[in-house]
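Summary of the model geometry
Below, each chain spelled out in residue letters.
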Amino acid sequence: DSYTHLRGESVYLDDIPMTNGTLFCAVFDSPIAHGKIKLLDTAEATTMAGVVRIFTAADIPGENQIGGIIPDEELLANTHVHFCGMPIALVVATSDEAARAAIKKIKVEIDPLPIITDPREAKGKGELIIPPRTFQLGDTTNAWSKCDYILEGQTETNGQEHLYIETQGAYAVPQENGAFRIYSSTQGPTAVQRTVARVLNLPMNQVEVDTTRLGGGFGGKEDQATTWAVLCALASYHLKKPVKYSLHRMEDMRMTGKRHPYSSDFKIGLSKELKILAYEATFYQNAGAAADLSPAVMERTLFHCNNTYFIPNVKATAFCCRTNLPPNTAFRGFGGPQGMFVIEAAITKAADALNIPASEIQQKNLLQTGDEFPYGQIADSEANECWNKADEQFNIKELQKGVDEFNASNKNHKKGLAIMPICFGISFTKTLMNQARSLVHVYTDGSVGVSTGAVEMGQGVNTKMLQVAASVFSIDPSKIKINTTNTYRIANTSPSAASATADLNGIATEIACTTILQRLKEVAAEELKTELSSVEIKNERIYIDGKATDWDWNKLVMAAYVKRISLSELAHYTPPGIHFDATKEKGHPFAYHVYGTSITTVTVDCIRGIYEVDAVKVVHDFGKSMNTMIDIGQCEGGIVQGIGWMTMEEIIYDKEGKLRSNALSTYKVPDIYSVPKEITIQSLTTEKNNLAIFRSKAVGEPPLMYGIGAYFALRNAVKAFNPTTVIPFDAPMTPEKVLMSLYPNT
Ligand code: MTE
Ligand code: HPA
Ligand code: MOS
């Protein structure tokens, strides 16, 4: 993609040329977080210049329902609103500006109902979206008596705005016979297709969804791209015109859900030898007003509650709490980071009590191969390998010594260091979602077209698909085109998510290419009168028993065509061996795990409370990376995004459920000045057979969790300034919170 990116020629939703007569949308959304709609008056808005029509729930021909996991979310509010930002009406006009001007003239009267924004309050009132779930290993009840140290505490992690550079958007174009083509900035084209069909009461085969690429998704477009596509389709259905909606940043921030905030309790027990013997955690997930992906996100919190440590006795319970906030959704890590923060806080609390560095406890409890996760899967662990290599490469003792010496000789600046080992399971936790298809065509001129369900969102998956096809066929990448993601070419796709896109779609592509290659080799053997096993194709040349022939790729392709051999293949792939039994909460849900260890150092200005991240040094388990540039890019991006979540990005809803941090002036994301001065990524290269594409492990989400180290490094720096200060485990650690914890009594 870099060629078209650099030239400004890459096509995003807003770059798609519009058909003559295209109309534009704007949503009128609820100003109140909870209530009964008494009156909706669109009369004046309808008369505004350029306004074509205003749609409400009454205009929906099928189901007024967009819930993916649970049918609990209306597209347009019918009688009740459940969060500020909930769509109530859709204005369609001849221009963007006209649509947005008309919004201001819509009047609504809402009888207010009680508003809940806090997940613990929701749980107290029985407002749960699904019943609680508990993961258990061993027996914590009996384990406490064997512990020499027991500590308890509470943690908070706030949400996070996705802030993809390209906002949500869609463009619906009516086709003949009542069908639709929908361009959508979505990670889940099939989710869009299914929901358009449901809302418009159409069969899915009437809905073509096409996605070229996204300007970022980060999970925010796994489920929540659907709304805008369906709204465009609804208007297009009634007006028989193309309809486009590209959200303004503030609309996007106000109306879409974010990373789930969690409030959690922990209890941790250790032996004198610093082995963690028991761990209990209770997670209160702030799901927002509808399920969206929350039940699945909650499940992943439980999967990652022990991070990368072996704990023989674990009991972790999670509550999916319904509040009057926009439904929260997938965000890089998908609940995993929230679970991992809590165990890190528990370890830190224990380390503080024992007056030792947390790293002593961390290292002593790292997972070993053969250890059991609380959900029954047996670890094939690289945790110790990553930690040890990090120590070898970066010398943890020396780094800590540098920090200590700096702190001894500086009064108003203090440094802090924290180690963050990670472990992340690769596969959709819902086993059935782990399937993908790839459609490969070889054309008679030797060029190749590849279509998969993978959506390019900046993570480089198209490049990886291209590499797979080029490598299997052994042809130049310039001969290959990766097509847009399209539901007419590839059906029933899982969203591009769970870091598994390259594995699932890549292996499907590998299978498709291998099948075609086999046919080509058979043709070559026949034409060149030799054994099939003697034939090899290398760099577009046909070899027999290692000797080059005068046949090249193009000649062979044409020969196959002449012999009426198929040059196309649709392959299906599903990873073997994964399963999970949700009644027992046990199984083998992940194809494999990704490990890593980061060392983060920060410097705090103890007068102002501001800080800098000096360095993040990482040893990351790439398996055998198939593209180091992409994979290091994913690490760097993930780390910065994780640091943002942990240190500066602060979502604030007031008691009325209104988003106060509703623009980039009030919501701070990492900029060029706040990224770490140094990010060093070293690879732990392993060649184990690991179910990853070409043994190149998934890399999209895991590095985000290195960012958690920044929180604990800041904490250590503050403690170096004020050893007796009590710092609540309350992320993000904003400069304001740093200042308060430096001077708690002033
Ligand atoms: N990188 C970029 N540049 N843009 C994105 O939107 N999304 C992340 C990660 N890296 C994202 C990204 C998330 S949330 C996931 S799940 C994975 O990429 C999805 O892609 P993959 O499965 O190909 O890793
Ligand atoms: N990860 C990411 N996205 C998902 C998952 C998952 O495990 N399950 C459903 N959507
Ligand atoms: Mo990523 S949160 O699985 O889209």
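Residues numbered from 1 in each chain as written. Chains lettered and ligands numbered in written order. Predicted model: local features only at pLDDT ≥ 70, side-chain atom pairs only at ≥ 80, totals over all residues. Heavy atoms only, no water.

What to know about the site of ligand 2
Where we set the bar: Near is defined per residue: the residue qualifies when any heavy atom it owns lies within 4 Å of the molecule or strand. Throughout this description, a polar contact denotes any pair of N or O atoms lying within 3.5 Å of each other; where both atoms belong to protein, one of them has to be capable of donating a hydrogen while the other can accept it, and for residues adjacent in sequence the pair is counted only when both atoms sit in side chains. Only the protein chains shown count as cover for residues, and all accessible areas are computed by the Shrake-Rupley method using a 1.4 Å probe. Lys, Arg, Asp and Glu make up the charged group, whereas Ala, Val, Leu, Ile, Met, Phe, Trp, Tyr, Cys and Pro make up the nonpolar group; the residues left over, Gly among them, are polar.
For ligand 2, the full set of nearby residues is E222, R300, F334, F428, T429, M433, A497 and A498. Here E222 contributes a side-chain N or O atom positioned 2.6 Å from a nitrogen atom of ligand 2. Between an oxygen atom of ligand 2 and a side-chain N or O atom of R300, the distance comes to 3.2 Å. Isolated, ligand 2 exposes 260 Å² of accessible area, and the fraction of that covered by the protein chains is 97%. Partitioning the shell around ligand 2 into residue classes produces five nonpolar, one polar and two charged.

A closer look at the site of ligand 1
Contacts to ligand 1 come from 16 residues, most closely from G217, F218, M457, T501 and Q634. Interatomic distance of 2.7 Å between a backbone N/O atom of G217 and an oxygen atom of ligand 1. Residue G458 places a main-chain N or O atom 3.2 Å away from a nitrogen atom belonging to ligand 1.

Observations regarding empty space enclosed by the protein
Under the convention used in this document: Here a cavity denotes a set of grid points, spaced 1 Å apart and computed over the protein atoms alone, in which a 1.4 Å probe fits but from which it cannot get out, and a pocket denotes an open set meeting protein on both sides within 12 Å along at least five of seven lines; residues with an atom within 4 Å of a point are reported as lining. Grid points are joined across faces, edges and corners, and a volume is the space filled by probe spheres set on the points. The numbering of helices and of strands both runs from the N terminus, where a helix is a DSSP run of H or I of at least 4 residues and a strand a run of E of at least 2.
Within the structure shown, the criterion is met by four cavities of 30 Å³ or more. The wall of the largest cavity is formed by 16 residues, among which Q435, A436, G453, S494 and N505 lie closest to the centre. Of all the elements in the fold, those that place two or more residues in the lining of the largest cavity are β17 (436–442) and α15 (501–527). Residue composition of the lining of the largest cavity, grouped by class: eight nonpolar, seven polar and one charged.

Overview of the sheet that holds strand β23 (residues 547–552)
Cut-off, in case you're wondering: Two strands qualify as a pair provided that DSSP identifies no fewer than 2 bridges between them. To get an axis, a line is fitted to the C-alpha atoms, and for a helix only the part in contact is used. The angle between two axes follows their N-to-C directions and goes from 0 to 180 degrees. We call two residues contacting when some pair of their heavy atoms lies within 4.5 Å.
The strand order β21-β22-β23 describes an open sheet built from three strands, whose pairing is antiparallel. Both outer strands of the open sheet, β21 (535–538) and β23, are each paired with one neighbouring strand and no more. Across the sheet, the mean angle separating the axes of adjacent strands is 35° when strand polarity is ignored. Where β21 and strand β22 (residues 541–544) come together, four bridges link them in antiparallel fashion. Considered in β22, the bridge of I537 is made with I542. Sheet strands touched by helix α16 (residues 553–562): β21, β22 and β23. Its angle to β23, the strand with the most contacts, is close to 60°.

Looking at the pattern of salt bridges
What counts, and what does not: What counts as a salt bridge is simple: a side-chain nitrogen of Lys or Arg found within 4 Å of a carboxyl oxygen of Asp or Glu. Each residue's exposure class comes from its accessible area (1.4 Å probe, protein chains only) as a fraction of the maximum for that residue type: buried when under 20%, exposed when over 50%, partly exposed otherwise.
Counting across every chain of the model gives 39 salt bridges. A salt bridge links K125 to E121; its shortest N-O distance comes to 2.8 Å. According to the relative accessible area criterion, E121 is partly exposed, its value standing at 31%. Two residues, R660 and D654, come together in a salt bridge whose shortest N-O distance is 2.8 Å. Members of the salt-bridge network, linked through shared partners, are K38, E109 and D111.

Re helix α12 (residues 383–394)
Rule in force here: A helix is expected to reach a length of 1.5 Å times the quantity of its residues less one. The arc in question is formed by the directions pointing from the helix axis toward the C-beta atoms.
Spanning twelve residues, α12 covers 16 Å between terminal C-alpha atoms, matching the ideal 16 Å at 1.5 Å per step. Listing the buried residues of α12 in full gives A383, N384, C386, W387, A390 and F394. The buried residues of α12 occupy an angular sector of 165° when the element is viewed end-on, so they sit on one face. Residues of α12 that are buried make contact with α11 (358–364), α13 (396–409), β16 (413–426), β27 (592–605), β28 (611–623) and β29 (678–685). Positive backbone phi, at 55°, marks N395, one or two positions downstream of α12.

Considerations on the side chain of T155
Position of T155 among the secondary structure elements: in strand β8 (residues 149–157). Among residues more than four places away in sequence, those in contact with T155 are Y262, S263, S264, F266, F341, V342, A345 and F729.

What to know about the packing of helix α17 (residues 628–647) against helix α18 (residues 708–721)
The condition that has to hold: When describing relative orientation, an angle under 35 degrees is termed roughly parallel and one over 145 degrees roughly antiparallel, while 65 to 115 degrees is termed roughly perpendicular and anything else oblique. Two helices crossing with the near one rotated counterclockwise from the far one by less than a right angle form a left-handed crossing, whereas a clockwise rotation gives a right-handed crossing.
Between α17 and α18, the shortest axis-to-axis distance is 7 Å and the interhelical angle comes to 45°. One finds that α17 runs oblique with respect to α18. At the point where α17 passes α18, the crossing takes the right-handed sense. Side by side, α17 and α18 meet where I643, W645, M646 and T647 of the first sit next to I708, A710, Y711 and L714 of the second. Its residues assigned to classes, the contact of α17 with α18 shows seven nonpolar, one polar and no charged.

A closer look at the sheet that holds strand β6 (residues 107–112)
The three strands are arranged β4-β2-β6 in an open sheet whose pairing can be described as antiparallel. In this open sheet, the two strands that pair with only one neighbour each are β4 (80–81) and β6. Pairing analysis gives six bridges linking strand β2 (residues 35–41) to β6, with the strands arranged antiparallel. What sits directly across from I37, in β6, is I110.

Thoughts on unusual backbone geometry
Cis geometry marks the peptide bond from A731 to P732, where omega comes out at 10°. Turning to its location among the elements, P732 is positioned in the loop between β30 (729–731) and α19 (735–742). Even without being a glycine, L163 presents a positive backbone phi close to 50°. The residue L163 is located in the loop between β8 and β9 (169–174) in this model. The phi torsion at E585 lies on the positive side, around 60°, for a residue other than glycine. Along the chain, E585 falls in the loop between β25 (579–581) and β26 (586–588).

Let's talk about α16
Among the residues making up α16, those that are buried are W553, L556, V557, A559 and A560. All buried residues of α16 lie within an arc of 160° about the axis, which places them on one face of the element. One or two positions beyond α16, positive phi appears at R564, with a value near 60°.

Describing the packing of aromatic side chains
Operational definition: Between 30 and 60 degrees the pair is tilted, below 30 it is stacked and above 60 it is edge-to-face, where a pair is any two Phe, Tyr or Trp rings, Trp via its six-membered ring, whose centres lie within 6.5 Å. In this analysis the charged atom, NZ for Lys or CZ for Arg, is taken to sit over a ring once it is within 6 Å of the ring centre and within 35 degrees of the ring normal.
Taken as a whole and judged by the stated rule, the model has 18 aromatic pairs. Summarising the aromatic geometry, the rings of F473 and W553 are spaced 5.1 Å apart at their centres and angled 50° between planes, so their arrangement reads as tilted. A residue pair is termed long-range when its members are at least 10 positions apart, and F473 in helix α14 (residues 461–473) and W553 in helix α16 qualify at 80 residues. We note that F473, like W553, is buried. Ring geometry for Y711 against F712: centres 4.9 Å apart, planes inclined by 75°, an arrangement best described as edge-to-face. Across this residue pair, the class does not change: Y711 and F712 are buried. Grouping aromatic residues by their ring pairs yields a cluster made of F135, F303, F373, Y375, F580 and F590. A cation over a ring is seen here: K240 above Y237, with NZ or CZ 5.9 Å from the ring centre.

Without other data, these values stay purely geometric and don't point to any function.
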